[in-house]
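# Survey of secondary and tertiary structure
For reference, the chains in residue letters:
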Amino acid sequence: MPYNARDERWRSGIEALLAPRSIAVVGASTDPTRIGGRPMDYYNRAGFKGALYPVNPSRKEVQGHAAYPDIASLPGPVDFALLAIPAPGIADAIDACARKGVKAALIFSAGFAEVGAEGAALQADIVARARRAGIRILGPNCLGLFNGEIGHCPTFSSALKAGPPERGRIAMVTQSGAYGTHLLNMARARRMKVGTWISTGNEADITLAECLEYLVDSDGVDTIACYMEGVKDRERLFRALEKARANRKLVTVIKVGTSAAGAEAAQSHTASLAGSDESFEAVLRHFGIPRARTTEEMLDIVYAASLSPLPTGRKLGILTISGGAGVLMADAAEATGLATPPMPDDAQQRLKARNPLCSPRNPIDITAHALNDFSLVSENLLSMSADGGYDMLISFFTSWTASPVLGPKIHKAILDGLVGQSKKPVVVVCQGSDDVMASYEAHGILTFEDPSRAIGALGHLADFAEATRAAPRDARDLPAIPADVRRRPPPAPRRASAFRWR
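### So, the pattern of salt bridges
Under the definition given, this model contains 30 salt bridges. Here lysine 243 and aspartate 217 are joined by a salt bridge, their closest N and O atoms 3.1 Å apart. You can see lysine 243 sitting in helix 7 (residues 234–246) and its partner aspartate 217 sitting in helix 6 (residues 208–217), a full 26 residues away along the chain. The class of lysine 243 is partly exposed, set by a relative accessible area of 25%. Given a relative accessible area of 29%, aspartate 217 falls into the partly exposed group. A salt bridge links arginine 453 to aspartate 300, with the nearest nitrogen and oxygen atoms 2.9 Å apart. Of this pair, arginine 453 sits in helix 16 (residues 451–469) while aspartate 300 sits in helix 10 (residues 295–307), and the two are 153 residues apart along the sequence. Relative accessible area serves as the criterion here: at 4%, aspartate 300 is assigned to the buried category.

Here is the structure:
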């Protein structure tokens, strides 16, 4: 069972895993393309400032660092050991770590509980050895993690080949390393700064729930994305989700294994029991945690929460240059549970007098006449906040923002119209290059190409904001998870390999 949170060893072990001062890479390779070589390359490029000890009995030097034949010969104390060696050597490596005083270890290799009874017995043995020594283990069958704040990169994920992790306040924790890499690559392509990324593998010891609680407690993390197949630590998960709600740190979850085939695959993937989806849904509703149904939805939620304040209510003001886009956004708002009350009559009259071609109700359609007078954009946005009292604003400008002539004018007009409105979510639905999108994001303005997805993300922010204002509720009556309702037999044994890409 996981360590009790009141036990100081729990926190010191997780800290040694995620923020070590000294690291041993067991199985370090001189080849930066190999599984044992990628972490060394990543550490070098990320500028890790602590002690880094490659362990390789065949080398005197590995990627610019003096190498050592074994753990016992390392010249200084070691907080964390990365074990990038085949499964049969892991038990001896754990014993060597114990003698060295290592506090945490991460195991890349597969061939444990995910392959059947024999692997499960091997996994139980290494966990027992580690617990006798007070060593926390992440994995096995694990793609690793990174902490961009300190350049800690014990992973062979290809996501870092494009460069070291950014120092950002978004965290990801995932029970699938390969799909977690896919999520990370998509996030980075969208200009999202993921500062911490953790894949948990088989969770023989350290669970996703433990990592989540640590991240929720971290001063350097505001928003967290979770990919989950099963739950191995119900009480700690509940505690982490309640802390997130109370601290206004948005956690969004993709929970898979809802189908019979998906649940079967989850068990053979990381030995996770998928559990009752109805039970899991009830838990998320209880804590106000937004559940994403697709990868795009997860990234939309995390993106919005990472840049925008939470709204104080559910009233949405819509500004558009297209009547069709306005209708689409109004429909999406209703489907999402957002209110679109009309502007006050006197405000409508003023806006109509200023722009006889407009429809000033809500959505407010200023039409293409804005091309002749960009101050209409600013005036209408200011009126939507001052007169309409909307909690969130969304505007549609299609590809005008991408124009080298129109783009700067639209940008200035929008910023002028948001003076004094920094405490509410604002979205611009537009098109353009990364530089164009980043120019709005630098001011805390969200950008989307798809207005329906934008409003979906705003709906999730509003839902979570409401949950943060609610009083804590008793979680003792929540359903037990996981519950292997199908009672499937364990998977048939498969041949173990040193590494299995997940």
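### Quick word on the environment of aspartate 474
For aspartate 474, the position within the fold is in the segment after helix 16. Taking the relative accessible area as the measure of exposure, aspartate 474 reaches 42% and is therefore partly exposed. For aspartate 474 and histidine 286, which are 188 residues apart along the polypeptide, the C-alpha to C-alpha distance reads 9.4 Å.

### Re the side chain of arginine 314
Along the chain, the position of arginine 314 falls in the loop between helix 10 and strand 13 (316–320). A distance of 3.4 Å separates polar atoms of two side chains, one belonging to arginine 314 and the other to glutamate 466. When sequence neighbours within four positions are dropped, the list of residues in contact with arginine 314 reads Thr336, Gly337, Leu338, Ala339, Asp391, Met392, Gly459, Ala462, Asp463 and Glu466.

### Focus: the sheet that holds strand 6 (residues 104–107)
Note: strands within a sheet are paired through backbone hydrogen bonds, in either parallel or antiparallel orientation. Ordered in space as 2-1-5-6-7, the five strands form an open sheet in which the pairing is parallel. On the outer flanks of this sheet lie strand 2 (51–55) and strand 7 (136–138), each paired with one strand and no other. Across the sheet, the axes of successive neighbouring strands diverge by a mean angle of 20°, strand direction being ignored. Across four bridges, the pairing between strand 1 (residues 22–26) and strand 5 (residues 80–83) is parallel. Note on strand 5: the bridge partner recorded for alanine 24 is alanine 81.

Criteria and cut-off values
- Residues numbered from 1 in each chain as written.
- Predicted model: local features only at pLDDT ≥ 70, side-chain atom pairs only at ≥ 80, totals over all residues.
- Heavy atoms only, no water.
- Salt bridge = Lys/Arg side-chain N within 4 Å of Asp/Glu carboxyl O.
- Helix = DSSP H or I, 4+ residues; strand = E, 2+ residues; numbered from the N terminus.
- Buried < 20%, exposed > 50% of the residue type's maximum accessible area, 1.4 Å probe, protein only.
- Polar contact = N/O pair within 3.5 Å; in protein donor to acceptor, adjacent residues only side chain to side chain.
- Contact = heavy atoms within 4.5 Å.
- Pairing = 2+ DSSP bridges.
- Axes fitted to C-alpha atoms, helices over the stretch in contact; angles between N-to-C directions.

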